Amino acid sequence: MTKDSTLSLMRAAQRRGWQVFQFEQQHLSLKRGKAVASAFAFALLGRFSETLAAQDALPGPWFRCRDVGEVELGSFDVVFMRKDPPFNMRYIYSTYLLERASNLGTLVVNRPDSLRNCNEKLFATEFEGCHPPLVVTQDAEVIREFASEHGDVILKQLDGMGGAGVFLVRAGDPNLSVMIEMLTEHSQVPIMAQQYIPEIRQGDKRILLINGEPAPFALARIPAAGETRGNLAAGGHGEVRELSERDKWIARQIAPVAKERGLLFVGIDVIGEYLTEINITCPTCVREIEAHTGIDLAERLIDHVAARLS
């Protein structure tokens, strides 16, 4: 609750006087050729609408949610797709329905076809000079050769989040083959093998880009003791830091491509000198950065959305 970036976006929209609605994947349908949703009118109440303080510190209800029935997606000015991975067929079908609304003029953040085409792990590999040595394959022998060449490597699934399905394999690890079998489902599913970056001990930096412009501060997610994953969901803790020159350079490589593909809100992950992922489905860390710097990134994003709408 105290780290939910979606609530920050809702608050910023509500402050502007916009009516906020909420619906989930299971609420989407296609009827008479039009994408519709069983929607709920949502409003933050009292001080929570201003401060986003923990709701248990408030004297009463902190939000109101009212069922408004079926609404055509094309009737909305803007729809934010805020859905965590896994990136699966259900997710893809949702983007098809959101695309119906986009074709009618609704601004969808981020653009539905790019949500489908820009896999968060693979998208990062498009930017030469930014990412570490890696391979993507379901061939066990290719992965073993990569591990033999690079020593310590990270193995990870292509559709996960929060550090799920991420393994550190040390040089000579006798469990390498069984990890490859498990992650590739016996050579049926491709995975990524990536050179291990020791700087993970200093944190996995989440850098937020709004319309291609990076926020001046990142949230470095520091792994817990005995962990190799900095993800907050895996027990890491966050430290807000200013961007380095290398961080800014990586952001500049990504910015024009993100803008071209309609990716208005992006979270890139940088470990040491390397770009490791580009998050476009549900970027987070807005609340943590605001709490430490006073910079309201949700307000900045809603400003860009308002400019697009006008």
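Preceding this paragraph is the structure being described.
Since we're looking at a predicted model, the values are computed, not measured.

Participant: When you look at the nonpolar core in this model, what are you seeing that I'm missing?
Facilitator: Side chains that are nonpolar tend, in soluble globular proteins, to be buried together. Judged by nonpolar contacts, the single largest core of 36 residues is most densely connected at Leu73, Phe127, Ile254, Val266, Ile268, Leu275 and Ile278. Ignoring any residue separated from it by four or fewer positions in sequence, one finds Leu73 in contact with Phe23, Leu28, Ala35, Val36, Ala37, Leu97, Leu98, Ala101 and Thr106. The next biggest cluster of nonpolar side chains, apart from the first, holds 27 residues, and it includes Val78, Ala215, Phe265 and Cys285.

Participant: When you look at the packing of helix α5 (residues 140-150) against helix α6 (residues 176-184) in this model, what are you seeing that I'm missing?
Facilitator: Axis angle and axis distance: for two packed helices, these are the angle between their axes and the distance between the axes, and together they describe the pair. The interhelical angle for the contact between α5 and α6, taken along N-to-C directions, is 135°, at an axis separation of 10 Å. Judged by the angle between their axes, α5 and α6 are oblique. Crossing of α5 against α6: the hand is right-handed. Contacts between α5 and α6 involve Ala140, Ile143, Arg144 and Ala147 from the former and Leu176, Ser177, Ile180 and Thr184 from the latter.

Participant: Sorry, what's going on with the packing of aromatic side chains here?
Facilitator: Geometry of an aromatic ring pair is reported as the spacing of the ring centres plus the angle between the planes. Inspection of every chain in the model, using the stated rule, returns six aromatic pairs. Centre to centre, the rings of Phe42 and Phe63 are 5.5 Å apart; their planes meet at 15°, and the pair counts as stacked. A residue pair is termed long-range when its members are at least 10 positions apart, and Phe42 in strand β3 (residues 34-44) and Phe63 in strand β4 (residues 63-72) qualify at 21 residues. Of the residues examined, Phe42 reaches a relative accessible area of 10% and is grouped as buried. By relative accessible area, Phe63 is classed as partly exposed at 35%. Judged by centre distance (6.4 Å) and plane angle (40°), the rings of Tyr93 and Tyr96 are tilted. Taken together, the residues Tyr93 and Tyr96, both in helix α3 (residues 89-103) and three residues apart, mark about one turn of the helix. With relative accessibility at 42%, the residue Tyr96 sits in the partly exposed group. Three or more aromatic residues joined by ring pairs form one cluster here, namely Phe21, Phe23 and Phe76.

Participant: Before we go on, may I ask you to explain the pattern of salt bridges in this structure?
Facilitator: Between side chains of opposite charge, a pair can form when the charged atoms approach closely. This structure, assessed with the given rule, holds 23 salt bridges. A salt bridge links Arg241 to Glu239; the shortest N-O distance between them is 3.2 Å. The partly exposed category is assigned to Arg241, whose relative accessible area is 28%.

Participant: Can you walk me through the environment of Ser148 in this structure?
Facilitator: Mapped onto the elements of the fold, Ser148 is located in helix α5. A relative accessible area of 63% means that Ser148 is categorised as exposed. In this structure, the C-alpha to C-alpha distance between Ser148 and Ala171, residues 23 residues apart in sequence, is 7.2 Å.

Participant: What should I look at first to understand the sheet that holds strand β7 (residues 134-137) in this one?
Facilitator: Paired through backbone hydrogen bonds, the strands of a sheet run either parallel or antiparallel to each other. Taking strand neighbours across the sheet as the criterion, the four strands line up as β7-β10-β8-β9 in an open arrangement whose pairing is antiparallel. Of all the strands in the sheet, just β7 and β9 (166-169) have a single pairing partner and so form its edges. Geometrically, the sheet is characterised by an average inter-axis angle of 20° between neighbouring strands, direction not taken into account. Of the strands in this sheet, β7, β8 (153-156) and β10 (191-195) touch α5, which is tilted by about 10° from β10. Each of β8, β9 and β10 is contacted by α6, which is oriented at about 160° to β9, the strand it contacts most.

Participant: I would appreciate a short explanation of the side chain of Arg287 in the present structure.
Facilitator: Structurally, the position occupied by Arg287 is in helix α8 (residues 286-293). One buried charged residue, Arg287, remains without a salt bridge, the closest side chain of opposite sign being Asp4 at 5.6 Å. Here the side chain of Arg287 touches Asp4 through a polar contact of 3.0 Å, landing on its backbone oxygen.

Participant: Looking at this model, I keep getting lost on empty space enclosed by the protein. Mind explaining?
Facilitator: To find the voids left in a structure, one rolls a probe of water-molecule size over its atoms. Summed over the entire model, instances satisfying the criterion amount to two cavities of 30 Å³ or more. Taken as a whole, the largest cavity holds about 80 Å³ of empty space. Along its surface, the largest cavity is lined by Pro85, Phe87, Leu115, Cys118, Asn119, Glu120, Lys121, Leu158, Asp159, Gly160, Ile280 and Thr281. The class makeup of the residues in the lining of the largest cavity is six nonpolar, three polar and three charged. A volume near 40 Å³ is recorded for the second largest cavity. Around the second largest cavity, the lining residues are Phe80, Met81, Arg82, Val109, Asn110, Phe265, Ile280, Thr281 and Pro283. A breakdown of the residues in the lining of the second largest cavity according to their chemical character gives six nonpolar, two polar and one charged.

Participant: Which parts of the structure should I look at to understand helix α7 (residues 245-260)?
Facilitator: Note that an α-helix has 3.6 residues per turn; residues three or four places apart therefore point the same way. Its 16 residues give α7 an end-to-end C-alpha distance of 24 Å, which sits within 8% of 22 Å, the value for a rise of 1.5 Å per residue. Its axis deflected by about 35° at Ile254, α7 carries its strongest bend there, up to four residues before the proline Pro256. Along α7, the residues that are buried comprise Asp247, Ile250, Ala251, Ile254, Ala255, Val257 and Ala258. Buried residues in α7 make contact with β11 (204-210), β12 (213-214), β15 (265-271) and β16 (274-279). Phi for Gly262, located one or two positions after α7, is positive at around 75°.

Calculation notes
Residues numbered from 1 in each chain as written. Predicted model: local features only at pLDDT ≥ 70, side-chain atom pairs only at ≥ 80, totals over all residues. Heavy atoms only, no water. Core = buried A, V, L, I, M, F, W, Y, C linked by side-chain atoms within 4.5 Å. Buried < 20%, exposed > 50% of the residue type's maximum accessible area, 1.4 Å probe, protein only. Contact = heavy atoms within 4.5 Å. Axes fitted to C-alpha atoms, helices over the stretch in contact; angles between N-to-C directions. Helix = DSSP H or I, 4+ residues; strand = E, 2+ residues; numbered from the N terminus. Parallel < 35°, antiparallel > 145°, perpendicular 65-115°, else oblique. Left-handed = near helix turned anticlockwise from the far one by under 90°. Phe/Tyr/Trp six-rings, centres within 6.5 Å; stacked < 30°, edge-to-face > 60°. Salt bridge = Lys/Arg side-chain N within 4 Å of Asp/Glu carboxyl O. Pairing = 2+ DSSP bridges. Lys, Arg positive; Asp, Glu negative; His and termini not counted. Polar contact = N/O pair within 3.5 Å; in protein donor to acceptor, adjacent residues only side chain to side chain. 1 Å grid on protein atoms, 1.4 Å probe; cavity = no way out; pocket = protein on both sides within 12 Å on 5 of 7 lines; lining within 4 Å. Points joined across faces, edges and corners; volume = space filled by probe spheres on them. Nonpolar A, V, L, I, M, F, W, Y, C, P; charged D, E, K, R; others polar. Expected span 1.5 Å × (residues − 1). Bend = angle between axes of the 7 residues up to and from the residue.

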